[in-house]
Amino acid sequence: TTRLPHNPLASPFTLPLSPSPTRNMDDAAPSDAEKVPVTIITGFLGAGKTTLVNHILKGDHGMIIAVIENEFGAVSIDDALVGENMKEKEDVITMDNGCVCCTVRGDLVRALLTLKDRPKKFDHIIIETTGLADPAPVAFTFFINPEIADAFRIDSILCLADAKHIALHLEEEKADGAVNEAVSQVAFADRILLNKIDLVSAEQLQDVVDTIHSINAVADVIQTTNSVVDLTRILGVSSFSIEKTLEVDPEFLDEEDSLKAVEGVSAGNETAKKKIKKKRHDLTGVSSVGILAEGELDFTAVNTFMMKLLQVIVFRVEQSVPVS
């Protein structure tokens, strides 16, 4: 596993653009067939993203796949789970201690450039975001950096939705101007895996499907259990559409109120030189605690501890709510 060092001093919304060889006006831009397809996997916490990645890696597809893992916490877990199914451990790149759509977004650029410069050529790249990620800035990365735009293309933005809990996440009230990550993940997807359908009734399932369609009426909704899906429905599908993305967010190609992020963009890439808008990704109250310990974990003891801890938290919350 390759772990990229995160630079905490870097601006979270300024993408590091490495120098790119200037393409002559007579040189044709690489075609999509020449670019490595990338699948961006999004979905709220616990939806089954890592299970899906492992399902893909175990598949009989004959492809050489690289995985970019993003974890919110400082202690990486998913890269170890994914690494078990990788033929070569260095084909997993980990970006931890932050969210790929904001605080470690520059790391995504470095990860992609690292893969581009490797002698080994990959057939497909999978980016597994954190459950808190807004997919729009992640997708934007593929349009703002000329080296990345020439080497990679977005094949699909795939959202995993937990059939039992997605409705609660979609209805969550956010502070003014803040992104509801679950809504954004569903809205930007061109493929939605409605996972864990075995945990809900047929009526509940239909209600969830209707809710998803009310947010995104064009994405294919694929119902799954344990993230098991026919890989031909999610890989090599070329279902990402910039036109559809602009319908969801007309200001998708606008990033922030400065042009720092587009310094060095080639003269021919005028679309990417538009001014940027900032969506506030509010992670107030969200934190991560990692504990490293040697030896085997007693899952029963940990579950008992967590249940008692949650009971204490709920009790304290109920005690703090005034009763009329």
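Each value, and the rule that gives it
- Residues numbered from 1 in each chain as written.
- Predicted model: local features only at pLDDT ≥ 70, side-chain atom pairs only at ≥ 80, totals over all residues.
- Heavy atoms only, no water.
- Buried < 20%, exposed > 50% of the residue type's maximum accessible area, 1.4 Å probe, protein only.
- Helix = DSSP H or I, 4+ residues; strand = E, 2+ residues; numbered from the N terminus.
- Polar contact = N/O pair within 3.5 Å; in protein donor to acceptor, adjacent residues only side chain to side chain.
- pLDDT = per-residue confidence, 0-100.
- Contact = heavy atoms within 4.5 Å.
- Pairing = 2+ DSSP bridges.

What to know about helix α4 (residues 135-144)
Thought 1: Burial within α4 is extensive, with nine of its ten residues counted as buried.
Thought 2: Every buried residue belonging to α4 is among Pro135, Ala136, Pro137, Val138, Ala139, Phe140, Thr141, Phe142 and Ile144, and all of these are buried.
Thought 3: Among the residues of α4, the N-terminal cap falls to Asp134, whose side-chain oxygen and the backbone nitrogen of Ala136 are separated by 3.3 Å.

Here's the deal with the environment of Val218
Thought 1: Counting through the fold element by element, Val218 comes out in the loop between α8 (202-215) and β8 (220-223).
Thought 2: Using a relative accessible area of 60% as the deciding quantity, one classes Val218 as exposed.
Thought 3: Separated by 31 residues in sequence, Val218 and Ala187 have C-alpha atoms that sit 9.5 Å apart.

Description of the confidence of the model for the protein chain
Thought 1: Within the protein chain, residue pLDDT values average 74, and 65% of them lie at 70 or more.
Thought 2: Ignoring residues within four places in sequence, the model shows residues 72-83, a span with pLDDT below 50, making 43 contacts including any to other chains.

Description of the side chain of Arg191
Thought 1: Position of Arg191 among the secondary structure elements: in strand β7 (residues 191-195).
Thought 2: Residue Arg191 is classed as buried on the basis of its relative accessible area of 13%.
Thought 3: Among the polar contacts listed, one links the side chain of Arg191 to the side chain of Asp220, at a separation of 3.3 Å.
Thought 4: Separated by 3.0 Å, the side chain of Arg191 and the backbone oxygen of Arg233 make a polar contact.

Quick word on the pairing of strand β2 (residues 36-43)
Thought 1: The buried fraction of β2 is high, at eight of eight residues.
Thought 2: Burial along β2 is two-sided: the face carrying Val36, Val38, Ile40 and Thr42 and the face carrying Pro37, Thr39, Ile41 and Gly43 are both buried.
Thought 3: Both β2 and strand β6 (residues 152-162) contribute to a ladder of eight bridges, which runs parallel. The residue of β6 that forms the bridge with Val38 is Ile154.

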